[in-house]
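Descriptive analysis of the structure
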Amino acid sequence: MVISVKYGIYFAYWEQEWGVDQKKYIEKVKKLGFDILEISCAMLKNISQQELTELRKMAEDNGIVLTAGYGPGPQENLASNNPDIVKNAIAFYTDILKKLEILQIHTLGGGIYSYWPVDYSKAIDKAGDWKRAVENVRTVGKISGSCGVDYCLEVLNRFEGYLLNTCSECKQFVEEVDVPAVKIMLDTFHMNIEEDSMCNAILLAGDKLGHFHVGENNRRVPGKGSLPWYEIGAALRKIHYDKTIVMEPFVKSGGGIGSDIKVWRDLSHGASIEQLDEDAKKSVAYLRYVFSGPNSDYTTEA
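The following refers to the structure shown.

Thresholds, definitions, all that
Residues numbered from 1 in each chain as written. Predicted model: local features only at pLDDT ≥ 70, side-chain atom pairs only at ≥ 80, totals over all residues. Heavy atoms only, no water. Helix = DSSP H or I, 4+ residues; strand = E, 2+ residues; numbered from the N terminus. Rg over C-alpha atoms; globule rule 2.2 N^0.38 Å. Buried < 20%, exposed > 50% of the residue type's maximum accessible area, 1.4 Å probe, protein only. Contact = heavy atoms within 4.5 Å. Areas by Shrake-Rupley, 256 points an atom, 1.4 Å probe, with all protein chains shown as cover. Core = buried A, V, L, I, M, F, W, Y, C linked by side-chain atoms within 4.5 Å. Expected span 1.5 Å × (residues − 1). Arc of directions from axis to C-beta. Pairing = 2+ DSSP bridges. Right-handed = clockwise from strand over helix to strand, strands pointing away. Salt bridge = Lys/Arg side-chain N within 4 Å of Asp/Glu carboxyl O. Phe/Tyr/Trp six-rings, centres within 6.5 Å; stacked < 30°, edge-to-face > 60°. Lys NZ or Arg CZ within 6 Å of the ring centre and 35° of its normal. Axes fitted to C-alpha atoms, helices over the stretch in contact; angles between N-to-C directions.

Before going further, it helps to spend a moment on the overall build of the protein chain. Across its full length, the protein chain holds ten helices and eight strands. The C-alpha radius of gyration of the protein chain comes to 18 Å, within 12% of the 19 Å expected for a compact globule of 302 residues. In the protein chain, which comprises 302 residues, the share counted as buried stands at 55%. Pairs at least 24 residues apart make up 76% of the contacts formed inside the protein chain by residues separated by at least 6 positions. Roughly 13,000 Å² of accessible area belongs to the protein chain as shown, and the carbon and sulfur atoms make up 48% of that amount.

So this is what it looks like as structure tokens:
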């Protein structure tokens, strides 16, 4: 079976800071062969109604679907034992989700059940945080559903998060939340660290998989590392996955992004913007080929 999905890329591939104006990437990603631009909710915190309308229209005019990602800070932590933080977090997500509805964004993903990146200098109460997160994600998930947004919980590796490290944990969490809009989000970079089998994790997620991030073991674009893309594609086809696949490479050091992602060396090897563009263009062509099954045509080397 050939899966019918839309392919995208996260704006941060080209940037060093989260909160920048990301409109300029809409036309770029279209020209590079993508269907989706994933933006960060950081840019939506203080955005005006006019700016929201302009962003939506620009995406529509270019035939680009927008998705959103976010790594919440400590004051936006739905798992917190501090009621004031939880109140602030629910207010934050309510505001963001209403803005996503205006933007006609139907997918929000990330560690949006806790906070990111985790501060391991503080004590970890996984059982308590799990219970609080289930309750509060249930609340936010219902708001998300009313806004037409899938609230996709990203499974993170142990160095970036502690609550949901495997698909099995995430599936249990999603089942406990029991809200249709709350779904599983998998990311090949994190899966490569934590899962016994990436393909079995995809099969386990099944129809609860709401969003899928792709990136190499070395955080470069797919095709420039060692992950088994053919097998991953076969697993996605087996569960009839037909939603969004977004590339999330991080190759530039420096700035807030480089610090948060822990990119301590230039993974682009000094690539110019033009070279980064070409790498992304070749990579999405490669993914379309390897994920579409054995009868696809492919003429571009990744």
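A few words now on the nonpolar core. Core analysis: the largest hydrophobic core is formed by 99 residues, its most contacted members being Leu 153 and Phe 212. Examining the composition of this core, we find that seven residues originate from one element, helix α10 (residues 273–291), more than from any other. If we skip the residues at most four places from it in the chain, Leu 153 touches Gly 110, Ile 112, Tyr 113, Val 137, Leu 164, Cys 170, Phe 173, Val 174, Val 182, Lys 183, Ile 184 and Met 185.

This part covers helix α3 (residues 83–102). Spanning 20 residues, α3 covers 29 Å between terminal C-alpha atoms, matching the ideal 28 Å at 1.5 Å per step. The complete set of buried residues in α3 reads Ile 85, Val 86, Ala 89, Phe 92, Tyr 93, Thr 94, Ile 96, Leu 97, Lys 99 and Leu 100. Contact partners of the buried residues in α3: α2 (49–61), β3 (65–70), β4 (107–110), α4 (126–146) and β5 (150–154). Following α3 by one or two positions, Gln 104 has its phi on the positive side, about 60 degrees.

Attention now goes to the environment of Asp 277. Its place among the elements puts Asp 277 in helix α10. In this structure the C-alpha to C-alpha distance between Asp 277 and Leu 44, which are 233 residues apart in sequence, comes to 25 Å. Those residues in contact with Asp 277, other than ones at most four positions away along the chain, are Trp 14, Lys 28 and Leu 32.

Taken together, the buried positions of helix α7 (residues 198–205) are occupied by Met 198, Cys 199, Ala 201, Ile 202 and Ala 205. Relative to the axis of α7, the buried residues are bounded by an arc of 160 degrees and lie together on one face. Its buried side turned inward, α7 meets α5 (167–177), β6 (182–187), α6 (188–194), β7 (209–214) and α8 (229–238). Following α7 by one or two positions, Gly 206 adopts a phi angle in the positive range, close to 55 degrees.

The next thing to look at is the pairing of β5. Counting buried residues in β5 gives four out of five residues, a clear majority hidden from the surface. As judged from the four bridges shared by β4 and β5, these two strands associate in the parallel manner. The residue bridging Thr 107 from the neighbouring strand is Asp 150, located in β5. Tracing the backbone out of β4, into α4 and back to the parallel element β5 gives a crossover that is right-handed.

Scanning all chains against the criterion turns up 17 salt bridges. Of the charged contacts in the structure, one is a salt bridge between Glu 76 and Lys 45, with a shortest N-O distance of 3.4 Å. With Glu 76 in the loop between β3 and α3 and Lys 45 in the loop between β2 (36–40) and α2, this pair connects stretches of sequence that are 31 residues apart. Relative accessible area serves as the criterion here: at 9%, Glu 76 is assigned to the buried category. Under the relative-accessibility criterion, Lys 45 is labelled partly exposed at 37%. Between Lys 224 and Asp 279 there is a salt bridge, with the nearest N and O atoms lying 3.8 Å from each other.

Next up on the list: the packing of aromatic side chains. All told, the structure shown has 15 aromatic pairs when counted by the stated rule. Pairing Trp 14 with Tyr 25 gives two aromatic rings, centres 5.2 Å apart and planes at 15 degrees, and the pair type is stacked. Here the residue Trp 14 occupies a position in the loop between β1 (6–10) and α1 (24–32), and Tyr 25 occupies one in helix α1, the gap between them amounting to eleven residues. Here Trp 14 and Tyr 25 have matching classes, each one buried. Judged by centre distance (5.1 Å) and plane angle (70 degrees), the ring pair of Phe 92 and Tyr 93 falls under edge-to-face. Take Phe 92 and Tyr 93: they sit in the same class, and that class is buried. Cation over ring: Arg 219 sits above Phe 189, and NZ or CZ is 3.8 Å from the ring centre.

Taken together, the eight strands give a closed barrel; going around it, the order is β1-β2-β3-β4-β5-β6-β7-β8, and neighbouring strands pair in parallel fashion. Mean inter-strand twist for the sheet, computed between neighbouring axes without regard to direction, equals 30 degrees. Pairing geometry for β5 and β6, over four bridges, is parallel. By the bridge assignment, Glu 154 is partnered in β6 with Met 185. Against the sheet, α4 engages β5 and β6, with an angle of about 140 degrees to β5.

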